[in-house]
Amino acid sequence: MTNNMFFIANWKMFGDLKSVNSIKKVINLSKTKKYKKAQIIYCPPYTLIDKILRITKNTKIKVGAQNCHYSQSDGPYTGSIHSDLIKSIGAKYVIIGHSENRVLGDTNQIINLKIKSALKKKLKIIFCIGETLKEKRKKKTNLILKSQIYGALKNIKKNNNIIFAYEPVWSIGTGIIPKMENLEKQVIIIKKLIINFWKLKNPKIIYGGSVNPKNIAELKKIRSINGFLIGGASRNSKNFIDIIKKTIN
Ligand code: 13P
């Protein structure tokens, strides 16, 4: 456990202009000596990116989008946003491959194109992988994770701009987290898969799925994890701060 862990807030499709004010408490925390190395990143809906960029200006907190289109430039894609547009307003990160977008049609191939376009625009990527409950029950977890990693990274040169977020789908929003010994093993397997594919020395791997102030004490014990991708609990500043404080103590 180091004090430069990632705490990535994925607000999903939640949040109005007013809700942004609650971030001020997190900004204050990020300025204190003890927590200033924590890598806090907000990924709000597109509609709040600009506002959050303004209030986090001159702080260490970074901002990202929750998805991007695979196109590298403008085009007739109603409702979509490409990496260059995300980059142009000042966001530095983008989540790609979230299971909530995989069910809407993001295949490994599309995710591969999205990662390529985001890398080209020099965005950092939070790349999500994870098995469904059905896949887990059929003992296909490792096979699925391998196909997600190999598929998404195909023809991409090794680089340090991707954070790998392991989010078992059955854990997202359910309050259920993996057994610690299983999670520990799974993280090691993921690390090996990435190292085999890319010969990357130290890939960054974070965990996501029902992270909250109650289970964080247990989750933070997982060695070789670099932080957390937090959904529900990140929208409440008190809970988010609690998670950060309990991780770095
Ligand atoms: P919850 O923390 O709400 O389970 O969501 C996890 C997630 O999907 C983050 O990307």
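Each chain has its residues counted from 1, running along the sequence as written. pLDDT decides what is reported in this predicted model: residues at 70 or higher carry local features, side-chain atom pairs at 80 or more are listed and counted, and totals for whole chains, interfaces and linings draw on all residues regardless. Heavy atoms from the whole structure form the basis of all side-chain values; hydrogens and water molecules are not counted.

## Remarks on the overall build of the protein
Right, so step 1: A tally of helices and strands in the protein yields 10 helices and eight strands.
Right, so step 2: Restricting the calculation to C-alpha atoms gives the radius of gyration, and the globule rule supplies 2.2 Å times the number of residues raised to the power 0.38. The globule rule puts the C-alpha radius of gyration for 249 residues at 18 Å, and the 17 Å found for the protein is close to it.
Right, so step 3: Projected onto its principal axes, the C-alpha positions of the protein cover 45 × 45 × 30 Å.
Right, so step 4: Between buried and exposed lies partly exposed: a residue is buried under 20% and exposed over 50% of the maximum accessible area for its type, with that area taken using a 1.4 Å probe on protein chains only. Residue burial in the protein is summarised as follows: out of 249 residues, 51% are buried.
Right, so step 5: It only takes one pair of heavy atoms within 4.5 Å for two residues to be counted as in contact. Taking all contacts inside the protein whose residues are at least 6 apart in sequence as the whole, residues at least 24 apart take part in 71%.
Right, so step 6: Of the accessible surface of the protein, which amounts to about 12,700 Å², a share of 54% is contributed by carbon and sulfur atoms.
Right, so step 7: Two residue types count as positive, namely Lys and Arg, and two as negative, namely Asp and Glu; His and chain ends fall outside the count. Lysine's charge is taken at NZ, arginine's at CZ, aspartate's at CG and glutamate's at CD. Of the side-chain charges in the protein, 48 are positive and 13 negative, and the distance between the mean point of each set is 7 Å. Numbering of helices and strands runs from the N terminus, with a helix taken as a DSSP run of H or I at least four residues long and a strand as a DSSP run of E at least two residues long. Areas reported as accessible are Shrake-Rupley estimates using a 1.4 Å probe. Residue values count occlusion only from the protein chains shown.

## Describing the pattern of salt bridges
Right, so step 1: For this analysis, a salt bridge means a side-chain nitrogen from Lys or Arg found within 4 Å of a carboxyl oxygen belonging to Asp or Glu. Under the criterion given, the structure shown has five salt bridges.
Right, so step 2: Linking Asp-50 and Arg-54 is a salt bridge whose minimum nitrogen-to-oxygen distance equals 2.9 Å. With Asp-50 and Arg-54 both in helix H2 (residues 46–55) and four residues apart, the pair spans about one turn of that helix.
Right, so step 3: Overall, the relative accessible area of 34% leaves Asp-50 in the partly exposed class.
Right, so step 4: For Arg-54, a relative accessible area of 60% corresponds to the exposed category.
Right, so step 5: Across the pair Lys-246 and Asp-242 runs a salt bridge whose closest N-O atoms are separated by 3.8 Å.

## Structural notes on the nonpolar core
Right, so step 1: One finds Phe-7, Tyr-42, Ile-115 and Phe-228 to be the most contacted residues of the largest nonpolar core, which totals 65 residues.
Right, so step 2: Looking at this core, the element that brings in the most residues is helix H8 (residues 180–198), giving seven residues.
Right, so step 3: The contact partners of Tyr-42, leaving out residues within four places of it in the chain, are Ala-9, Trp-11, Ile-23, Val-26, Ile-52, Ile-61, Lys-62, Val-63, Gly-64 and Phe-240.
Right, so step 4: Residues grouped as a nonpolar core are buried Ala, Val, Leu, Ile, Met, Phe, Trp, Tyr and Cys residues, joined through side-chain atoms within 4.5 Å. Formed by 12 residues, the second largest nonpolar core is a distinct cluster that contains Tyr-93, Ile-95, Ile-163 and Leu-229.

## Notes on the site of the ligand
Right, so step 1: Neighbouring residues of the ligand: Asn-10, Lys-12, His-98, Glu-167, Ile-172, Gly-173, Gly-209, Ser-210, Leu-229, Gly-231 and Gly-232.
Right, so step 2: Within 3.5 Å is the distance limit for a polar contact, defined as a pair of N or O atoms, with the added protein rule that one can donate a hydrogen and the other accept it, and that residues adjacent in sequence qualify only through two side-chain atoms. Between the ligand and His-98, the relevant distance is 2.8 Å, taken from an oxygen atom to a side-chain nitrogen or oxygen of the residue.
Right, so step 3: At 2.9 Å from an oxygen atom of the ligand is found a main-chain nitrogen or oxygen belonging to Gly-231.
Right, so step 4: Protein chains shield 94% of the accessible area of the ligand, which is 310 Å² for the free molecule. Throughout this document, a residue counts as near a molecule or strand when at least one of its heavy atoms sits within 4 Å of that molecule or strand.

## Regarding the sheet that holds strand E4 (residues 93–96)
Right, so step 1: Reading around the barrel, the eight strands line up as E1-E2-E3-E4-E5-E6-E7-E8 and close back on themselves, with parallel pairing between neighbours. Here the strands of the sheet are splayed against their neighbours by 25° on average, with no regard to which way each runs.
Right, so step 2: Across two bridges, the pairing between strand E2 (residues 39–43) and strand E3 (residues 62–65) is parallel. Residue pairing across strands places Ile-41 opposite Lys-62, the latter belonging to E3. Strands qualify as paired when DSSP identifies two bridges or more between them. Axis lines are fitted to C-alpha atoms, over the contacting stretch for helices. Their N-to-C directions set the angle, which ranges from 0 to 180 degrees.

## Observations concerning H2
Right, so step 1: Those residues of H2 lying buried are Leu-48, Ile-49, Ile-52 and Leu-53. Mapping the buried residues of H2 onto a view down its axis gives an arc of 145°, with all of them on the same face. Counted as exposed and oriented over 90 degrees from the buried face of H2: Thr-47 and Arg-54.
Right, so step 2: In this fold, the buried residues of H2 make contact with helix H1 (23–30), E2, E3 and helix H3 (83–89). Think of the arc as the fan of directions from the helix axis to the C-beta atoms.

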